[in-house]
Amino acid sequence: MLRKFFSRRRCWRRSARARAWWLMIQFILLQNRQGKTRLSKYYRTYTDDEKIKIEAEIHRIVTTRDQKFTNFVEFKQYKLIYRRYAGLFFTLCVDVNDNELVYFESIHLFVELLDQFFGNVCELDLVFNFNKVYMILDEFFLAGEVQETSKQTILHRVQDLDKLE
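Remember, predicted model here, so these are calculated numbers, not experimental data. For every chain, the first residue of its written sequence is number 1, and the numbers climb from 1 along that sequence. Where totals are concerned, whole chains, interfaces and linings use all residues; where local detail is concerned, this predicted model gives features only for residues with pLDDT of at least 70, and gives and counts side-chain atom pairs only at 80 or more. Where side-chain values are given, they derive from all heavy atoms of the structure, hydrogens and water being excluded.

Asker: What is the right way to look at the overall build of the chain in this model?
Answerer: The way it works is that DSSP assigns letters per residue, a run of H or I at least four long becomes a helix, a run of E at least two long becomes a strand, and they are numbered from the N terminus. A count of helical and extended segments in the chain gives six helices and seven strands. Sequence-ordered secondary structure for the chain, helices as α and strands as β, is α-β-β-α-β-β-β-α-α-α-β-β-α. By the burial criterion, 38% of the 165 residues in the chain qualify as buried. Type-normalised accessible area, obtained with a 1.4 Å probe on protein chains alone, sets the label of each residue: buried when under 20%, exposed when over 50%, and partly exposed for intermediate values.

Asker: I'm lost on unusual backbone geometry in this one. Help?
Answerer: Peptide bonds are, in most cases, trans, and in most cases residues other than glycine have a negative phi. Although it is not a glycine, Ala86 adopts a positive phi angle of roughly 55 degrees. With phi around 55 degrees, Asn120 is a residue other than glycine that occupies positive phi space.

Asker: How should the nonpolar core be read in this particular structure?
Answerer: Nonpolar side chains in soluble globular proteins tend to end up buried together. With 31 residues, the main nonpolar core has Ile25, Ile28, Phe90, Phe110 and Leu114 as its most contacted residues. At the level of elements, β1 (27–32), β5 (88–95), α3 (100–118), α5 (130–140) and α6 (151–164) are the ones that each hand at least two residues to this core. Each nonpolar core is a collection of buried residues, namely Ala, Val, Leu, Ile, Met, Phe, Trp, Tyr and Cys, held together in the definition by side-chain atoms within 4.5 Å. Counting 15 residues, the second-largest nonpolar core is a separate cluster that includes Tyr42, Tyr46, Ile54 and Phe75.

Asker: It is not clear to me how the sheet that holds β5 should be interpreted in this structure. Could you clarify?
Answerer: Backbone-to-backbone hydrogen bonds pair the strands of a sheet. The strands run either parallel or antiparallel. At least two DSSP bridges between two strands are needed for those strands to be called paired. Read across the sheet, five strands follow the order β2-β1-β5-β4-β3 without closing on themselves; strand pairing throughout is antiparallel. Of all strands in the sheet, those bounded by a partner on one side alone are β2 (37–42) and β3 (72–75). Geometrically, the sheet is characterised by an average inter-axis angle of 20 degrees between neighbouring strands, direction not taken into account. Of the pairings in the sheet, the one linking β3 to strand β4 (residues 78–85) comprises four bridges and is antiparallel in character. Each axis is a line fitted through C-alpha atoms, and for a helix only the stretch in contact is used; angles between axes span 0 to 180 degrees, taken between their N-to-C directions.

Asker: Is there a simple way to think about the packing of α3 against α5 in this case?
Answerer: When two helices pack together, their arrangement is given by the angle between the helix axes and by the axis-to-axis distance. The N-to-C vectors of α3 and α5 enclose an angle of 135 degrees; their axes lie 11 Å apart at closest approach. The orientation of α3 with respect to α5, classified from their angle, is oblique. Crossing handedness for the pair α3 and α5: right-handed. Across the interface between the two elements, Ser106, Leu109, Phe110, Leu113, Leu114, Phe117 and Phe118 from α3 touch Lys132, Val133, Ile136, Leu137 and Phe140 from α5. Grouping the amino acids of the contact of α3 with α5 by side-chain chemistry returns ten nonpolar, one polar and one charged. Just so you know how the angles are binned, under 35 degrees is roughly parallel, over 145 roughly antiparallel, 65 to 115 roughly perpendicular, and the rest oblique. Two helices crossing with the near one rotated counterclockwise from the far one by less than a right angle form a left-handed crossing, whereas a clockwise rotation gives a right-handed crossing. Between two residues, a contact is recorded if the distance between any of their heavy atoms is within 4.5 Å. Each residue gets one label: Ala, Val, Leu, Ile, Met, Phe, Trp, Tyr, Cys and Pro are nonpolar, Asp, Glu, Lys and Arg are charged, and the others, such as Gly, are polar.

Asker: Honestly, the environment of Phe118 in this entry has me stumped. Any pointers?
Answerer: Residue position: Phe118 is located in helix α3. In this structure Phe118 comes out as buried when scored by relative accessible area, which is 18%. A sequence separation of 14 residues divides Phe118 from Lys132, and the C-alpha atoms of the two residues are 9.6 Å apart.

Asker: Help me out: how do you make sense of the pairing of β2 in this one?
Answerer: The side chains of a regular strand alternate, first on one face of the sheet and then on the other. Both β1 and β2 contribute to a ladder of five bridges, which runs antiparallel. Residue Phe27 lies in a different strand from β2, and its bridge partner there is Tyr42. Hairpin remark: β1 followed by β2, antiparallel, with four residues in the connecting loop; positive phi at Gly35, about 100 degrees.

Asker: Looking at this model, I keep getting lost on the pattern of salt bridges. Mind explaining?
Answerer: Pairing between side chains of opposite charge can happen when their charged atoms approach one another. The salt bridge definition used is simple: a Lys or Arg side-chain nitrogen within 4 Å of an Asp or Glu carboxyl oxygen. Counted by the stated rule, this structure contains eight salt bridges. Across the pair Asp138 and Lys41 runs a salt bridge whose closest N-O atoms are separated by 3.0 Å. Pair noted here: Asp138 is in helix α5 and Lys41 is in strand β2, with a separation of 97 residues, a long-range link. According to the relative accessible area criterion, Asp138 is partly exposed, its value standing at 32%. By relative accessible area, Lys41 is classed as partly exposed at 21%.

Asker: Mind showing me how you'd approach the side chain of Asp125 here?
Answerer: Mapped onto the elements of the fold, Asp125 is located in helix α4 (residues 123–128). In this tally, Lys and Arg are treated as positive and Asp and Glu as negative; His is ignored, and so are the chain termini. Within the buried set, Asp125 has no salt-bridge partner at all; the shortest N-O distance to an opposite charge, 9.3 Å, is to Lys132. If we ignore the near neighbours within four places in the chain, the residues touching Asp125 are Phe118, Asn120 and Phe130.

In structure tokens:
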């Protein structure tokens, strides 16, 4: 009887762990209007061919979408949340059940962080300082989940790390 109980409990733990990757950000993409990916961060494993297909499909979906529609799009079994700033599209892929507005605002916070760190950020800043952009992204998102939401804390950490280089 006890053996049966513990085996069920172990299976439940495994299934809870398996469900944990499902409720998070799957990937983050920054693409320009021409479809060049300027930044990509995947929190789930994909092959290189899958990544290329996903990036092309997302670019096609996001750029052809009319501005009068919402910035939330169903994509396979996930949901895309995107925002356009100048010529760049910031796209997050999340679970269908996640709160869209939280991720929509986190995109804005990420852009504000980039803007404060670089001082009026542009696409060239992202291209030539990609290591710093990834550093900011890693301080903001950790393993597909929001780690820190305070701009001052994130900028302070990133500036401290930047001094070490």
